[in-house]
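What follows is the residue order along each chain.
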Amino acid sequence: MSGRRPLQDTAAGPSGPAVSLDAPADPHARREALTLIHSRVGDAFLRKPFVVEGSLDVLTLCRQMAERGLGDALVQDDGRLGVFTTTNLRDVLLLERPPAIIPVRDVASFPAVSVPLEAELLEAMILMLRHRVHRVVVRQGDQVVGVLGQLDLMSFLANHSHLIALMAAQAETIAELKAAADQIVPLIGVLHGDGVRVEVIAGMVNELNRAVFRRLWDLVADPHLRDNSCLIVMGSEGRGEQIMRTDQDNGLILRDGYDPRAAAEATEAFTAALVDFGYPPCPGGIMASRPEWRQPVSGFRSALGGWVHGSDPEGPMNLAIFMDALPVAGDPSLLQALRAHMGRLMAGNDAYLAHFAGSVHSFSQDGSWWRRLPGLTGRAAAEIDIKKLGIFPLVQGTRALALQYRLPQLSTTDRLDALVEAGHMEASRARDLKDALHLLMAVKLDNNLAQVAQGRAPGNLIRLDALGTLNRQGLKQALAIVADFRAWITQHFRLAV
């Protein structure tokens, strides 16, 4: 194992710019690095070892490495273990003998630097610096269990979310994928404790969840099904606003002509695996394992018509959830076709739009209790549903406006920005609504993390007497903004109250 890298050098990782080995200047990055640097080697991303015999010729080895997309291989020779890298290949090219007749044992570096699986990452970093190598072999007892590369180590220290996404993308079994998914909630706690903005955390979690869902679908669905379907996530997951795992909203759009029954086994395995990963089933049954959410395009087209023109009281809510659909895997044109159909159904349908918007009042209550929040008198110990009373009316009102003006954006903040840009909402109102949404999400996240710490499932109920002063005051202001928005929506759509 060869190669020189001074302490002050940087390593360019696959996730972006170079990462300095010196302490990060950003306080959040410094704290996260200090937290993660005491993690164990087994917590980092370990590449599966590719081991060859020392008698193999260099040309054949290089072909095998190219086929696997590898830059190194472990060399086993007469009881010893070495490593062959692209640096060794450079030395081979300087020899007078052709690579096809050179045994890899003659040019590999022996012995390979190794580190125990249970060692701290700091120890692995010190070994790399001491021996001026870019990778170390990871052992558990006498067994080689993986290879830790310098770039993977740096990515772990500087960007833990990238590591989780990498682990998810390269998982070869559902158990390996679960190990990646299990790291998301602890990372949320670290980032929230560091003061990272809630909308940033939500965006990161959305990307990680998508990576998990995409890889899980690859593992449970055969190529023919994947090529003839579009896996979607909906609701808060589709909008990128779900942080903790409170439920799963997903579906499968099939190409016309594909038998939905042929997809049943894969979708049931998908739902069951997500439940095992800690994503609770949707109470309303909005999951790809249910026949009504696993249909061909023609079936969903009929469902959309029923949601708009039918008498089912769940129709508007189903449409609202479907409006937030985001393609995760497969052919996104299947979803685009349904979006276009939904737009045609809405054209000039003012009566339905009013009915759709009217659901902002579904969970409204007498507002006197939240006006007393700072003092917490009277019903101070009551539990409130922060989603129903705060987040839902804000999201649904914005969603109704997006439906009215046929805006393609999915997230609530993007929809608000688009409304301002198109001249349909004042910038000051949109700013207040975005601030209120982020405050409500932050209060909910605080509560969810506390619930998890107590061994409870994260939910939407919050005890008012458990709120700190700042959260009480912020919640009062946020709910006042939501109440004002409900009144604005009522006037805008000419709703009867």
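Note on numbering: residues in each chain are counted from 1, in written sequence order. In keeping with the predicted nature of the model, local features appear solely for residues at pLDDT of at least 70, side-chain atom pairs appear and are counted solely at 80 or more, and the whole-chain, interface and lining totals rest on all residues. Side-chain metrics rest on all non-hydrogen atoms present in the structure, leaving aside hydrogens and water.

A few words on helix α14 (residues 315-323). Here α14 lies mainly inside the structure; eight of its nine residues are buried. G315, P316, N318, L319, A320, I321, F322 and M323 are the residues of α14 that are buried. Burial status follows relative accessibility: with a 1.4 Å probe on protein chains alone, a residue under 20% of its type maximum counts as buried, one over 50% as exposed, and anything between as partly exposed. Strands here mean DSSP runs of E at least two residues long; helices mean DSSP runs of H or I at least four residues long; both are numbered from the N terminus.

In this section: the packing of aromatic side chains. The rule is short: rings of Phe, Tyr and Trp, with Trp giving its six-membered ring, pair when the centres are within 6.5 Å, and they are stacked under 30 degrees, edge-to-face over 60, tilted in between. Within this structure, the stated rule accounts for nine aromatic pairs. Joined through ring pairs, the aromatic side chains of F213, W217, F270 and Y279 make up one cluster. The rule is short: NZ of Lys or CZ of Arg within 6 Å of the ring centre and within 35 degrees of the ring normal puts a charge over the ring. For R80, the ring lying beneath its charged end belongs to F110, and the centroid distance is 3.7 Å. Lying across the ring of Y279, R245 places its NZ or CZ 4.4 Å from the centre.

Here, any two strands with at least 2 DSSP bridges between them count as paired. Strand order in this open sheet of three strands is β6-β7-β8, and the pairing throughout is mixed. Edge positions in the sheet fall to β6 (114-116) and β8 (143-149), since each has one partner strand and no second. Here the strands of the sheet are splayed against their neighbours by 35 degrees on average, with no regard to which way each runs. Relative to β8, strand β7 (residues 135-140) is paired through six bridges, and the arrangement is antiparallel. Within β8, the position partnered with R135 by the bridge is G149. Packing of helix α4 (residues 121-131) onto the sheet brings it into contact with β6, β7 and β8, and relative to β6 it is tilted by some 170 degrees. Interaxial angle, 0 to 180 degrees, is taken between N-to-C directions of lines fitted to C-alpha atoms, where a helix line uses only the stretch in contact. Residue contacts are defined here by distance: any two heavy atoms, one from each residue, within 4.5 Å place the two residues in contact.

Remark: helix α7 (residues 174-181) packs on helix α9 (residues 198-220), axes separated minimally by 10 Å, with the N-to-C direction vectors making an angle of 175 degrees. Classified by the interaxial angle, the pair formed by α7 and α9 is roughly antiparallel. Here I174, L177 and A181 of α7 come into contact with α9, specifically with V212, R215, L216, L219 and V220. Under this grouping Gly is polar, as are all residues other than the nonpolar Ala, Val, Leu, Ile, Met, Phe, Trp, Tyr, Cys and Pro and the charged Asp, Glu, Lys and Arg. Tallied by class, the residues present in the contact of α7 with α9 amount to seven nonpolar, no polar and one charged. Angle categories: roughly parallel below 35 degrees, roughly antiparallel above 145, roughly perpendicular from 65 to 115, and oblique for all the rest.

Structurally, the position occupied by R135 is in strand β7. Polar contacts involving the side chain of R135 include one to the side chain of D72, which spans 3.0 Å. N or O atoms within 3.5 Å of each other form a polar contact, as long as, within protein, one can give a hydrogen and the other can take it, and as long as residues adjacent in sequence are counted only when both atoms are side-chain atoms.

Among the five residues that make up strand β10 (residues 250-254), five are buried, leaving the element largely enclosed by the rest of the structure. Burial along β10 is two-sided: N250, L252 and L254 and G251 and I253, pointing in opposite directions, are all buried. In this sheet, β10 lies alongside strand β9 (residues 229-233) in antiparallel orientation, the contact comprising five bridges. Pairing of I232 across the sheet is with G251, part of β10. Sheet topology note: the β10/strand β11 (residues 294-296) ladder contains three bridges and is parallel.

Attention shifts here to the sheet that holds β10. Taken together, the four strands give an open sheet; going across it, the order is β11-β10-β9-β12, and neighbouring strands pair in mixed fashion. Edge strands, defined here as strands with exactly one partner in the open sheet, are β11 and β12 (326-330). The average angle at which neighbouring strand axes cross in this sheet is 30 degrees, direction not considered. Against the sheet, α9 touches β9, β10 and β12, its axis set at about 30 degrees to β12.

Time to look at the pattern of salt bridges. Any two side chains of opposite charge can pair, on the condition that their charged atoms come close. Any carboxyl oxygen of Asp or Glu that lies within 4 Å of a side-chain nitrogen of Lys or Arg is treated as forming a salt bridge with it. By the definition in use, this model includes 22 salt bridges. Among the salt bridges present, the one from D324 reaches R415, with a minimum N-O distance of 2.8 Å. A residue pair is termed long-range when its members are at least 10 positions apart, and D324 in the loop between α14 and β12 and R415 in helix α19 (residues 412-421) qualify at 91 residues. Each of the two residues, D324 as well as R415, counts as buried. The partner of D417 in a salt bridge is K434, and the shortest N-O contact between them spans 2.6 Å. Highlighted residues: D417 in helix α19 and K434 in helix α20 (residues 427-453), separated in sequence by 17 residues. On the accessibility criterion, D417 (35% relative accessible area) is partly exposed. The structure contains a network of salt bridges with shared partners spanning R239, E241, D324, R399 and R415.

The subject of this paragraph is unusual backbone geometry. In this structure, the amide linkage connecting F110 to the following residue, P111, adopts the cis form with an omega of -10 degrees. Topologically, P111 is positioned in the loop between α3 (86-93) and β6. Even without a glycine there, the phi angle at D78 is positive, about 55 degrees. Relative to the helices and strands, D78 is located in the loop between β4 (72-77) and β5 (80-85). Despite not being glycine, R494 shows a phi value in the positive range, around 55 degrees. Here R494 is to be found in the segment after α21 (469-492). Relative accessible area serves as the criterion here: at 75%, R494 is assigned to the exposed category.

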